[in-house]
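Fold and contact review
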Amino acid sequence: MSLLEAKRLEKHYGGHVVLEGLDFTVDAGEFVTLVGASGCGKTTFLKMLLGTERISSGEFILDGRPIPDEPGPDRGVVFQKYSVFPHLTVLGNVMIAEELEQSRLLGKCFGAARRRAADKARERIAQVGLDQALAKYPHELSGGMQQRLAIAQALMMRPRILLLDEPFGALDPGIRQDMHELITRLWQEQQLTIFMITHDLKEAFALGTRLWVFDKLRHDPQAPEAFGATITYDLPIGRHAPPEDLPAHLAARGIETLTQETLI
Ligand SMILES: Nc1ncnc2c1ncn2[C@@H]1O[C@H](COP(=O)(O)OP(=O)(O)OP(=O)(O)O)[C@@H](O)[C@H]1O
């Protein structure tokens, strides 16, 4: 059985069709990279997978059952801009996921449960290379370190699926390379299934095992919101540079915005 399956999946906001006609299956262990013009619905797709946005029609199936319409510990998420809590230390930021799970009212646990949560958090923090920064607050960390912290936070509940929404978009190229190595190691060690949005086609090819290009197949100039985007390309990729003809290939399908944005 596939991990995830969509059949004729659609998302509308009122009369605004954002996504339509999504049909795919994804197996556990895949690393899917999502590219597409700004505003075409990539984040909306991740939110439906996370459970913070409901699907409008069609089917969206996780482990053979309709996807829950609320987030769960099996799905972790990292956004581009810092999703960490500014008033908590590195250790506190990673422990909070476990503490909220155990004590929804207080957001804090005590005694042996707290020690267990702290041990688990230290392990995750070490996995992302922040063990020297346990007592620091987010404002004392670089952008790359803050994203490492956000990843440790997302991994605290041992998710099977990791959702990454342009997680490295704001980082310098050198730091991005370090983050690529980190995410590749975590994907392999933790046997994660990853969905990652990026505006960088080279990054999509460097990290993914499969590339999805989101774009509209149908346009009505009189009613721009009448049709949504779908997955126009679903390419298996082998962790190497994009084929040289891909930009032209995409442009020939009318995806100029994407090629300009991603291949500068
Ligand atoms: N809660 C909402 N209510 C109404 N419209 C929304 C809502 N969330 C998103 N949209 C609309 O859905 C469309 C897709 O937005 P989304 O953020 O998913 O695009 P995106 O592909 O992730 O864009 P970007 O690459 O710029 O982040 C946009 O037109 C946006 O305005």
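Everything numeric here is computed off the predicted structure, so don't read it as measured data. (Residues numbered from 1 in each chain as written. Predicted model: local features only at pLDDT ≥ 70, side-chain atom pairs only at ≥ 80, totals over all residues.)

Remarks on unusual backbone geometry
Here Glu-166, not a glycine, exhibits a phi torsion of approximately 45°, which is positive. Its location among the elements puts Glu-166 in the loop between β7 (161–165) and α5 (173–189). Residue Glu-166 is classed as partly exposed on the basis of its C-beta count, with 19 C-beta atoms lying within 10 Å. In this model, Gln-191 sits at a positive phi of 50°, which is unusual for a non-glycine residue. Structurally, Gln-191 can be placed in the loop between α5 and β8 (193–197). On the neighbour-count criterion, Gln-191 (10 C-beta atoms within 10 Å) is exposed. (Helix = DSSP H or I, 4+ residues; strand = E, 2+ residues; numbered from the N terminus. Buried ≥ 20, exposed ≤ 12 C-beta atoms within 10 Å, placed from the backbone.)

Brief notes about the site of the ligand
If you check the shell around the ligand, you find Tyr-13, Val-18, Gly-36, Ser-38, Gly-39, Cys-40, Gly-41, Lys-42, Thr-43 and Thr-44 and nothing else. Counting residues per element, the shell around the ligand draws most heavily on helix α1 (residues 42–50), which supplies three residues. Looking at the shell around the ligand residue by residue, the class counts come to three nonpolar, six polar and one charged. (Near = placed C-beta within 6 Å. Nonpolar A, V, L, I, M, F, W, Y, C, P; charged D, E, K, R; others polar.)

Some details on the nonpolar core
By size, the foremost hydrophobic cluster in this structure holds 64 residues, and its most contacted members are Leu-34, Val-94, Ala-152, Leu-163, Ile-194 and Phe-195. Mapping this core onto the domain boundaries places at least three of its residues in each of domain 1 (4–74 + 160–262) and domain 2 (86–142 + 152–158). In this view, Ile-194 contacts Phe-31, Val-32, Leu-162, Leu-164 and Trp-187; residues no more than four positions away in its chain are not counted. (Core = buried A, V, L, I, M, F, W, Y, C linked by C-beta atoms within 7 Å. Domains from an automatic or database assignment. Contact = placed C-beta atoms within 7 Å.)

Side note on α1
Every buried residue of α1 is accounted for by Lys-42, Phe-45, Leu-46, Met-48, Leu-49 and Leu-50. Among the residues trailing α1, Gly-51 stands out with phi positive, at a value near 100°.

Let's talk about helix α4 (residues 143–155)
For α4, which comprises 13 residues, the first-to-last C-alpha distance of 18 Å matches the rise-based estimate of 18 Å (1.5 Å per residue) to within 8%. Burial of α4 is extensive: 10 of the 13 residues sit out of reach of the surface. Here α4 has its buried residues at Gln-146, Gln-147, Arg-148, Leu-149, Ala-150, Ile-151, Ala-152, Gln-153, Ala-154 and Leu-155. (Expected span 1.5 Å × (residues − 1).)

Overview of the domain arrangement of the protein chain
Domain annotation for the protein chain reports domain 1 (4–74 + 160–262) and domain 2 (86–142 + 152–158). At the junction of the two partners, domain 1 supplies five residues and domain 2 supplies six residues. Residues belonging to the side of domain 1 that touches domain 2 are distributed by class as follows: four nonpolar, one polar and no charged.

Here's the deal with the environment of Glu-59
Within the fold, Glu-59 resides in strand β4 (residues 57–62). When the 14 C-beta atoms within 10 Å are taken as the criterion, Glu-59 is described as partly exposed. Each C-alpha atom of the pair Glu-59 and Asp-23 lies 9.1 Å from the other, and the pair is 36 residues apart in sequence. In this structure Glu-59 touches Ala-6, Lys-7 and Leu-9, once residues within four positions along its chain are discounted.

Things to note about the packing of α4 against α5
It is at 11 Å that the axes of α4 and α5 come closest, and there the two elements cross at 15°. Comparing the axis directions of α4 and α5 gives the class roughly parallel. Crossing hand, α4 versus α5: right-handed. Where α4 abuts α5, its residues Gly-144, Gln-147, Arg-148 and Leu-155 lie against Ile-175, Asp-178, Met-179, Leu-182 and Leu-186. Grouping the constituent residues of the contact of α4 with α5 by class yields five nonpolar, two polar and two charged. (Axes fitted to C-alpha atoms, helices over the stretch in contact; angles between N-to-C directions. Parallel < 35°, antiparallel > 145°, perpendicular 65-115°, else oblique. Left-handed = near helix turned anticlockwise from the far one by under 90°.)

Topic: the pairing of β4
Sheet analysis places strand β1 (residues 4–13) next to β4, joined by five bridges and oriented antiparallel. Residue pairing for β4: Lys-7 is matched across the bridge by Glu-59. Alignment of β4 against strand β5 (residues 65–66), held across two bridges, turns out to be antiparallel. Bridged to Ile-61 within β5 is Pro-66. Counted between consecutive antiparallel strands, the loop separating β4 from β5 contains two residues, among which Asp-63 sits at a positive phi close to 55°. (Pairing = 2+ DSSP bridges.)

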